[in-house]
Amino acid sequence: VDCDVTLLDGVAALWVDKLVRCRVVSLPIAGAVHINRCEGCEFHFASRQIRVHTTTSTDFYLHAGSHPIIEACTGLRFAPYLQTALVSDEAFAAAGLSKSDNLWSSVDDFLWLRTQQSPNWQALPEAERAAHDAAWAP
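Residues numbered from 1 in each chain as written. Predicted model: local features only at pLDDT ≥ 70, side-chain atom pairs only at ≥ 80, totals over all residues. Heavy atoms only, no water.

(A) Region of interest: the side chain of Asp-59. Take Asp-59: it is sitting in strand β6 (residues 59-64). A residue is classified by how much of its surface remains accessible, and Asp-59, at 14% relative accessible area, is buried. Here Arg-77 takes part through its side chain, which lies 2.8 Å from a polar atom of the side chain of Asp-59. Once residues within four sequence positions are removed from consideration, Asp-59 is found in contact with Cys-41, Glu-42, Phe-43, Arg-77 and Leu-124. (Helix = DSSP H or I, 4+ residues; strand = E, 2+ residues; numbered from the N terminus. Buried < 20%, exposed > 50% of the residue type's maximum accessible area, 1.4 Å probe, protein only. Polar contact = N/O pair within 3.5 Å; in protein donor to acceptor, adjacent residues only side chain to side chain. Contact = heavy atoms within 4.5 Å.)

Structure below.
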């Protein structure tokens, strides 16, 4: 609850569970990110696959190699991953990610099967997005 976590080394996968009002920032992740039961958080992830379950009122800054998947979530907002000098081309290459292919806004809501936009997520308005350097500051 109420914490900041910064991962400055590459990891193969990441599992996040039961965080409240936390910010998690990570270098690119080679595998999948699984997020469960979080509330009021801010996440900064670059990963091949991002899956979010039972999470509410949370902002995501993503570089996604596939469509992010949400299920049983409400109040989610998405924006592109904030890249700084700490996030090198080598970090993306080590994670097997292409910097040019980012599907951050192609969110699939598994509980919303209609053709209309899901009410459970939206793009984070540019005026409300975190500054590049602020995301990595302690």
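(B) Structural context of the confidence of the model for the protein. For the protein, per-residue confidence averages 91 on the pLDDT scale, and residues scoring 70 or more make up 94% of the total. Across the protein, element-level confidence peaks in strand β7 (residues 69-71) with a mean pLDDT of 98 and bottoms out in helix α2 (residues 132-136) with 62. (pLDDT = per-residue confidence, 0-100.)

(C) Spotlight on the nonpolar core. Grouped together as the largest cluster of nonpolar side chains are 24 residues, with contacts concentrated most on Ile-35, Phe-43, Phe-45 and Phe-78. Taken together, the elements giving at least two residues each to this core come down to β2 (14-17), β4 (29-36), β5 (42-53), β6 and β8 (76-80). When residues in this core are grouped by element, the largest group, four residues, is from β5. Beyond its immediate stretch of four places on either side in the chain, Phe-43 contacts Val-16, Leu-19, Val-24, Ile-35, Cys-38, Thr-58, Asp-59, Phe-60 and Tyr-61. By size, the runner-up hydrophobic cluster in this structure holds seven residues, among which are Ala-46, Tyr-81, Val-87 and Ala-95. (Core = buried A, V, L, I, M, F, W, Y, C linked by side-chain atoms within 4.5 Å.)

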